[in-house]
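Each chain, written out:
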Amino acid sequence: MPETPSFQSPTGTRDFYPVEAARRRFITEAWRRASILHGFEEVDGPIFEHLELYTVKSGEEIVADLFSFTRKGAEKTYALRPEFTPTLARLYATKANSLPKPTKWFTAGPFFRAERPQRGRLREFLQWNVDLLGDASPAADAEIIATCVSLLRGLGLTAQDVRVKINHRKALAEWLTQRGLPIDRQPALLKLLDNKGKMPPAEFAKEIAAFGFAPEQAEVFQKGLIRVTIDERTPTGAPADTVVDVTYFSEAITPLARELAAAGVLDWVDFDLSIVRGLAYYTGMVFEVHEASGAERAIAGGGRYDNLVELFGGPPTPAVGFGMGDVVLALVLQDRKLMPEDPKLMEVAGQRPDVFVLSNGTPEAEAQVKPLVGLLRARNLHTRHTYRQTRNVGKLLEEAVKLRARFAVIVETGTTATVKSLETGQQTPPVPIPDVAKLVGG
RNA sequence: GUGGCCAUAGCUCAAUUGGUUAGAGCACCGGGUUGUGAUCCCGGGGGUUGCGGGUUCGAGUCCCGUUGGUCACCCCA
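Residues numbered from 1 in each chain as written. Chains lettered and ligands numbered in written order. Predicted model: local features only at pLDDT ≥ 70, side-chain atom pairs only at ≥ 80, totals over all residues. Heavy atoms only, no water.

## A closer look at the sheet that holds strand β17 (residues 431–432)
Adjacent strands of a sheet pair through backbone hydrogen bonds, lying either parallel or antiparallel.
Link 1 in the chain: In space, the five strands of this open sheet follow the order β14-β13-β15-β16-β17, with mixed pairing throughout. At either end of the open sheet lies a strand with only one pairing partner, and these are β14 (383–385) and β17.
Link 2 in the chain: Helix-sheet contacts for helix α13 (residues 363–378) involve β13 (355–359), β14 and β15 (407–411), and the interaxial angle to β13 is about 165 degrees.
Link 3 in the chain: Across the sheet, helix α14 (residues 393–402) lies against β13, β15 and β16 (416–421), angled at about 165 degrees from β13, the strand it touches most. (Pairing = 2+ DSSP bridges. Helix = DSSP H or I, 4+ residues; strand = E, 2+ residues; numbered from the N terminus. Contact = heavy atoms within 4.5 Å. Axes fitted to C-alpha atoms, helices over the stretch in contact; angles between N-to-C directions.)

## Digging into the protein's contact with RNA strand B
Link 1 in the chain: Around RNA strand B there are 42 residues in total, and I62, N360, N392, E412 and L422 lie nearest to it.
Link 2 in the chain: Of all atoms in RNA strand B that approach within 4 Å of the protein, 47% are sugar or phosphate atoms.
Link 3 in the chain: The side chain of Y281 places a nitrogen or oxygen atom 3.2 Å from a sugar or linking oxygen of RNA strand B.
Link 4 in the chain: Sorting the residues of the surface near RNA strand B by element identifies α14 and β16 as the ones contributing at least two each.
Link 5 in the chain: With seven residues, the top contributor of residues to the surface near RNA strand B is α14.
Link 6 in the chain: Class assignment for the residues of the surface near RNA strand B results in twelve nonpolar, 13 polar and 17 charged. (Near = heavy atom within 4 Å. Polar contact = N/O pair within 3.5 Å; in protein donor to acceptor, adjacent residues only side chain to side chain. Nonpolar A, V, L, I, M, F, W, Y, C, P; charged D, E, K, R; others polar.)

## Brief notes about the domain arrangement of chain A
Link 1 in the chain: Once the domains are mapped, chain A shows domain 1 (18–46 + 85–342) and domain 2 (352–439).
Link 2 in the chain: Computed over C-alpha atoms only, the centres of domain 1 and domain 2 are separated by 52 Å. (Domains from an automatic or database assignment.)

## A closer look at the side chain of S421
Link 1 in the chain: Among the structural elements, S421 can be located in strand β16.
Link 2 in the chain: Looking at S421, its side chain comes within polar contact range of the main-chain nitrogen of E423, at 3.2 Å.

## Thoughts on the sheet that holds strand β4 (residues 77–80)
Link 1 in the chain: Strand order in the open sheet made by the three strands is β2-β4-β3, with antiparallel pairing throughout. Of all the strands in the sheet, just β2 (48–50) and β3 (68–70) have a single pairing partner and so form its edges. Between one strand and the next, the sheet's axes are offset by a mean angle of 35 degrees, whatever the strand orientation.
Link 2 in the chain: When β2 meets β4, the two strands line up antiparallel, connected through three bridges. Of the residues in β4, the one forming a bridge with F48 is L80.
Link 3 in the chain: Relative to β2, helix α2 (residues 51–58) is tilted by about 70 degrees, and along the sheet it contacts β2, β3 and β4.

## Quick word on the side chain of H290
Link 1 in the chain: With respect to the helices and strands, the residue H290 is situated in strand β10 (residues 285–291).
Link 2 in the chain: In terms of polar contacts, H290 uses its side chain to reach the side chain of E288, at 2.6 Å.

## A look at the confidence of the model for chain A
Link 1 in the chain: Looking at chain A, pLDDT values average 87 and 90% of them are 70 or higher.
Link 2 in the chain: The spread of mean pLDDT over the elements of chain A runs between strand β8 (residues 225–226), the lowest at 58, and strand β1 (residues 41–42), the highest at 98.
Link 3 in the chain: In this model residues 229–243 is a low-confidence stretch, pLDDT under 50, and it forms 22 contacts with partners more than four residues away in sequence or in other chains. (pLDDT = per-residue confidence, 0-100.)

## Notes on the packing of helix α6 (residues 186–195) against helix α7 (residues 201–209)
If you want to describe how two helices pack, look at the angle between their axes and the distance between the axes.
Link 1 in the chain: In the contact formed by α6 and α7, the axes pass within 11 Å of each other and the chain directions differ by 170 degrees. As judged from the angle between their axes, α6 and α7 are roughly antiparallel. Seen from α6, the contacting residues are L189, L192 and L193; seen from α7, they are F204, E207 and I208.
Link 2 in the chain: Here the residues of the contact of α6 with α7 sort into five nonpolar, no polar and one charged. (Parallel < 35°, antiparallel > 145°, perpendicular 65-115°, else oblique.)

## Looking at the nonpolar core
It is characteristic of soluble globular proteins that their nonpolar side chains tend to be buried jointly.
Link 1 in the chain: Judged by nonpolar contacts, the single largest core of 66 residues is most densely connected at L151, I166, L260, F287 and M324.
Link 2 in the chain: If one sorts the elements of this core by residue count, helix α4 (residues 138–154) sits on top with nine residues. (Core = buried A, V, L, I, M, F, W, Y, C linked by side-chain atoms within 4.5 Å. Buried < 20%, exposed > 50% of the residue type's maximum accessible area, 1.4 Å probe, protein only.)

## Points about the pairing of strand β11 (residues 300–304)
Link 1 in the chain: Taking burial as the measure, the five residues of β11 include five buried ones, the bulk of the element.
Link 2 in the chain: Here four bridges tie β10 to β11, and the two strands are oriented antiparallel to one another. The partner of F287 across the bridge, within β11, is G302.

## Notes on the pattern of salt bridges
Link 1 in the chain: Under the definition given, this model contains 21 salt bridges.
Link 2 in the chain: Taking the shortest distance from any N to any O, the salt bridge between R352 and E423 comes out at 2.9 Å. One end of the pair, R352, is in the loop between α12 (342–348) and β13; the other, E423, is in the loop between β16 and β17, with 71 residues separating them in the sequence.
Link 3 in the chain: Exposure remark for R352: the relative accessible area of 13% places this residue in the buried category.
Link 4 in the chain: When salt bridges with common partners are traced through the structure, they connect R163, K165, D270 and D272 into a single cluster. (Salt bridge = Lys/Arg side-chain N within 4 Å of Asp/Glu carboxyl O.)

## Concerning unusual backbone geometry
Link 1 in the chain: With an omega dihedral of -5 degrees, the bond running from K101 to P102 counts as a cis peptide bond.
Link 2 in the chain: Looking at the secondary structure, you find P102 in the loop between α3 (85–95) and β5 (103–112).
Link 3 in the chain: Phi at R404 is positive, roughly 60 degrees, even though this residue is not glycine.
Link 4 in the chain: Its place among the elements puts R404 in the loop between α14 and β15.

What follows is the structure in structure tokens.
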């Protein structure tokens, strides 16, 4: 299409009309509330970074999945940020000595990945990142997960709707080593676990057998779940655990389970051996949040990354955190009918008008509309008026209702107006115009 | 990067299977009405049928390409 320019939006991006913008705000405000509720402070960085910031952590292969560019007369190569963690590590490393321990930061903003879009994945999306740095304890792990659960709960989701699936890299590796699986073969096993959902059970069983597990033990990995209770002296697993002894693993994660119980979120959690995440940099606990039936992609994912700050030039610093994108979250909310519908949405997004001012159409009354609108706005009331030509009171009230205004003010004369509550239908007798503001809450 | 499906008004869909000037509902605007949220009636604006090419007397309809959407694979920080 050489000649006429295309005005379609770029692949994998979205246009935000008022309704979509309100949905976005519904989500980002929930993110912000949950973050602040748990004592995290907002930070941010540039939306593009030097390309090397990403290749340091992820290698050259990542370049294919980035939007990168150079300036004409090229200096350096930049990339639109695909994730926040490298920026976060830089922020922390730069001021590490003066930052409190722990440092609790969150951010929310746009990120970019040059992939083919599909359900739950776009090229431009919003992501919420919550990180706790400088604390290596299981309590820190639990605090991060509790913050994530707080968000989910705040949006109306329940432990029946979504599950937090937790694994522990280090514990799993040590357990596997104890069982006699050499370190160098473990990545292949993790990869297999990660792919479990995409292959027939028989094939999975066959492949798992290659790692020295009996066929019936494959079933445990197939199922993946380990129940951990803190009521008993020794954690016990689900019945399947008798087939594969995960006692060592369970002991390793018991401190975390206790902290999760103390934080009141243990009932949202499953310990799941098949949660792998990227192999690159997680060093301990890893987790993902999934819709309970397995529909949709992961809603959130994260874990402990104790080596990363050092990798970006800071002091050795334990860290734990997660990211949550808006795309899958919105899909799950819509699946569960938890995303407010159109008129309600404006209210949720804080855009509901307080007052709609109209007149009865006489010149004296009409002349008072704009001054009154200005007066009410000066009192911090969200005030609207019509742009239509009709002065039919019925039609204008209809417009006020459609906008979900709380009050309609009808200017009756050059000096008086009536105030009608659109919620109760009650209407005052004519009052002096200067009295209107206090009648509508100004 | 690979593959399947899809594309008609802002939205949801029609168009007698290749045949006149592409229609309807919703939405939007105006009127019915110097005055109260409903219902109803009348009228209006809106389309290069995603875009480009081809076949044909004739293409929204058939063919090729392309762009975009969607779903899956790869990947998933």
